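# Tertiary structure, described
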Amino acid sequence: MAGVLETLTVPRATGFPASSLTPIASSPVCQLSLRRNFAPESRGLKLNIHSFRSSGSVRLRSKFGRRGGRIVCEAQETAVQVLPVTDDTWQSLVLESSVPVLVEFWAPWCGPCRMIHPVIDELAKEYTGKLSCYKVNTDESPSIATKYGIRSIPTVMVFKEGEKKDAVIGAVPKTTLSACIEKFL
């Protein structure tokens, strides 16, 4: 699934308008942050940048090139994204699911919610095919939170055959959530 990047030419950042980088910056494969030192950020792919030419532009070539820099792009394990659920998609994604569903109720301003996100991502990856994982932003979909009596976030609920089976409140360890999930698989 990995491809080799043969050549990529990126002009120097000085005098380079940020608005003209929009196609690069919004790329779904990789997002690069063009700072003065050209330190890349990674979202799902590892980038190893080795050397640069210091002339008017930075020229990056594959590892077989003689000059310039080299980017080695290594695909990490298959990413499993925990998708958001809204009022419109709740019925079809959660209540009508043929497999058990784990739903995280959260809000962007909630610190413990941000702590539990990586745990939910790991569980989604670990239980791929056996369990669906979704998240509900309680600020954007308050009616779902009200319907299920969510008074504290993060709250993680497990649904099976359209019914709420269990709930865990707070930022808990992965083992606690795994034990909760295992009861319904």
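Conventions and cut-offs
- Residues numbered from 1 in each chain as written.
- Predicted model: local features only at pLDDT ≥ 70, side-chain atom pairs only at ≥ 80, totals over all residues.
- Heavy atoms only, no water.
- Buried < 20%, exposed > 50% of the residue type's maximum accessible area, 1.4 Å probe, protein only.
- Helix = DSSP H or I, 4+ residues; strand = E, 2+ residues; numbered from the N terminus.
- Arc of directions from axis to C-beta.
- Contact = heavy atoms within 4.5 Å.
- Pairing = 2+ DSSP bridges.
- Disulfide = S-S within 2.5 Å.
- Phe/Tyr/Trp six-rings, centres within 6.5 Å; stacked < 30°, edge-to-face > 60°.

## Focus on helix H5 (residues 174-182)
Two residues of an α-helix separated by three or four positions point the same way, owing to the 3.6 residues in each turn. Buried residues of H5: Leu177, Ser178, Cys180 and Ile181, and no others. Angularly, the buried residues of H5 cover 160° about the axis, an arc narrow enough to put them on a single face. Packed against the buried residues of H5 are strand S6 (101-106), helix H3 (111-126), strand S8 (155-160) and strand S9 (163-169).

## Describing the pairing of S6
Counting buried positions along S6 gives six out of six residues, so the element sits mostly inside the fold. Residues Val101, Val103 and Phe105 of S6 are buried on one face, and the alternating residues Leu102, Glu104 and Trp106, pointing to the opposite face, are buried as well. Two strands pair when backbone bridges link them, and S6 and strand S7 (residues 132-137) are joined in this way by six bridges, in the parallel orientation. The partner of Trp106 across the bridge, within S7, is Asn137.

## Description of the environment of Lys183
Topologically, Lys183 is positioned in the segment after H5. Note on Lys183: relative accessible area 56%, which makes it exposed. When the C-alpha atoms of Lys183 and Asp166 are compared, they prove to be 9.4 Å apart, with 17 residues separating the residues in sequence.

## Re the state of the cysteines
Counted by the stated rule, this structure contains one disulfide. Put simply, Cys110 and Cys113 are joined by a disulfide, and their sulfur atoms are 2.4 Å apart. Across the S-S bond linking Cys110 and Cys113, the dihedral sits near 80°, which makes this disulfide right-handed. Of the two residues, Cys110 and Cys113, neither departs from the other in class, the shared state being buried.

## As for the packing of aromatic side chains
Counted by the stated rule, this structure contains four aromatic pairs. Aromatic side chains Trp90 and Phe159 sit 5.4 Å apart centroid to centroid with 85° between the ring planes, which places their arrangement in the edge-to-face category. With a gap of 69 residues between them, Trp90 in helix H2 (residues 90-95) and Phe159 in strand S8 connect regions that are remote in the sequence. Phe159 gets classed as buried once you look at its relative accessible area, which sits at 1%. With centroids separated by 5.2 Å and ring planes inclined at 90°, the aromatic side chains of Tyr148 and Phe159 adopt a geometry described as edge-to-face. In this pair, Tyr148 is assigned in the loop between helix H4 (142-147) and S8 and Phe159 in strand S8, connecting sequence segments 11 residues apart.

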